[in-house]
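Observations on chain architecture
Listed below are the residues making up each chain.
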Amino acid sequence: MATIFSKIVAGEIPSYKVAEDDKFYAFLDINPLVKGHTLVVPKKEVDYIYDLSDEELAAMHVFAKHVALAIQKAFPCRKVGEAVIGLEVPHAHIHLIPIQNESDMLFSNPKLKLSDEEFKSIAERIHNAWEGKA
Ligand code: AMP
């Protein structure tokens, strides 16, 4: 059965997309720790990120790097932190989180509740930066 992230990539369920190429897809985490919290997934369905080949993992990180730079442009921050957990959704993904402090990366923090309009506006800002428009 397809994972929820494969359904997102296929457009079968909605997401706030920020970037895409032929192999990877980036979209906002629906339970963000901070504004701009983004997930990067391979279009190929693999559960554990370290089951990707060396080449796939390297390419995923290069894609994630460019998404991270776009996040930082759209949401000025000290750094964009990266985390891999993957215990909830069995489809490899990298969390990209704009941070001011180490505590912004704590997954035990309460998640932000954002409106549809806020998610759309955040995604658009990052997408524009990713396309070099911002
Ligand atoms: P983990 O597998 O522990 O890395 O966590 C999965 C992440 O995916 C969580 O931060 C969820 O908020 C996020 N998530 C789950 N379903 C969706 C969805 N439909 N759209 C966006 N983010 C999601």
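Refer to the structure presented above.
Here goes a summary of the coordinates provided. In this convention, every chain numbers its residues from 1, walking through the sequence in written order. Per-residue local features are limited, in this predicted model, to residues with pLDDT of at least 70; the limit for side-chain atom pairs, both in listing and counting, is 80 or more; totals at the level of whole chains, interfaces and linings are taken over all residues. Only hydrogens and water are removed before side-chain values are computed, so all heavy atoms of the structure are retained for them.

Let us look at the pairing of strand β5 (residues 94-99). Relative accessibility decides the category of a residue: with a 1.4 Å probe and only protein chains considered, values under 20% of the type maximum give buried, values over 50% give exposed, and everything between is partly exposed. Every helix listed is a DSSP run of H or I at least four residues long, and every strand listed is a run of E at least two residues long, numbered separately from the N terminus. Most of β5 sits inside the fold, with six of its six residues counted as buried. Residue alternation in β5 divides its side chains into two sets, Ile94, Leu96 and Pro98 and His95, Ile97 and Ile99, and both sets are buried. At least two DSSP bridges between two strands are required for those strands to pair. Here three bridges tie strand β3 (residues 38-42) to β5, and the two strands are oriented antiparallel to one another. Counterpart to Thr38 in the pairing with β5 is Leu96. Inspection of the sheet shows strand β4 (residues 79-83) paired to β5 by five bridges, in the antiparallel sense. Directly across from Lys79, in β5, lies its bridge partner Ile99.

Classification of ring pairs rests on two measures: the distance between centres of Phe, Tyr or Trp rings, Trp counted by its six-membered ring, which must be within 6.5 Å, and the angle between planes, read as stacked under 30 degrees, edge-to-face over 60 and tilted in between. Under the counting rule described, the total for this entry stands at six aromatic pairs. Taking the centre distance of 5.3 Å and the plane angle of 75 degrees together, the rings of Phe5 and Phe27 count as edge-to-face. Of this pair, Phe5 sits in helix α1 (residues 4-9) while Phe27 sits in strand β2 (residues 24-28), placing them 22 residues apart in sequence. Taken individually, Phe5 and Phe27 each receive the classification buried, so the pair is uniform in this respect. Ring geometry for Tyr25 against Phe27: centres 5.8 Å apart, planes inclined by 50 degrees, an arrangement best described as tilted. An aromatic cluster of three or more residues is present, and its members are Phe5, Tyr25 and Phe27.

Glancing now at the packing of helix α2 (residues 54-74) against helix α3 (residues 116-130). Every axis corresponds to a line fitted to the C-alpha atoms, with the helix fit spanning only the stretch in contact, and the corresponding angles, defined between N-to-C directions, vary from 0 to 180 degrees. Relative to each other, α2 and α3 sit at 120 degrees, their axes nearing to 8 Å. Between α2 and α3 lies a crossing whose hand is right-handed. The residues of α3 that touch α2, namely those facing Phe63, His66, Val67, Ala70, Ile71, Lys73 and Ala74, are Arg125, Ile126, Ala129 and Trp130. Charged means Asp, Glu, Lys or Arg here, nonpolar means Ala, Val, Leu, Ile, Met, Phe, Trp, Tyr, Cys or Pro, and polar covers whatever is left, Gly included. Among the residues making up the contact of α2 with α3, the classes are represented as eight nonpolar, one polar and two charged. Should the near helix be turned counterclockwise from the far one by less than a right angle, the crossing is left-handed, whereas a clockwise turn marks it as right-handed. The contact definition used throughout considers only heavy atoms, calling two residues in contact when any of these lie within 4.5 Å.

A separate point is the site of the ligand. Distances are taken per atom, and a residue is near a molecule or strand as soon as one of its heavy atoms is within 4 Å of it. Around the ligand sit 16 residues, and of these Asp29, Asn31, Glu88, His93 and His95 come closest. A distance of 2.5 Å is found between an oxygen atom of the ligand and a side-chain nitrogen or oxygen belonging to Asp29. Pairing of N or O atoms within 3.5 Å defines a polar contact, subject to two protein rules: one partner must be a possible hydrogen donor and the other a possible acceptor, and residues neighboring in sequence count only if both atoms are side-chain atoms. Ile30 is positioned with one of its backbone polar atoms (N or O) 3.2 Å from a nitrogen atom of the ligand. Using a 1.4 Å probe, accessible areas were evaluated by the Shrake-Rupley method; residue-level cover was limited to the displayed protein chains. The fraction of the free accessible surface of the ligand (510 Å²) that becomes covered by protein chains is 87%. Put simply, the parts of the chain that give the shell around the ligand at least two residues each are α1 and β2. Of the residues forming the shell around the ligand, the biggest block, three residues, is contributed by α1.

Relative to the helices and strands, His91 is located in the loop between β4 and β5. Overall, the relative accessible area of 0% leaves His91 in the buried class. Setting aside residues up to four positions removed in sequence, His91 forms contacts with Thr3, Phe5, Ser6, Val41, Pro42, Lys43, Lys44, Glu45, Val46 and Asp47.

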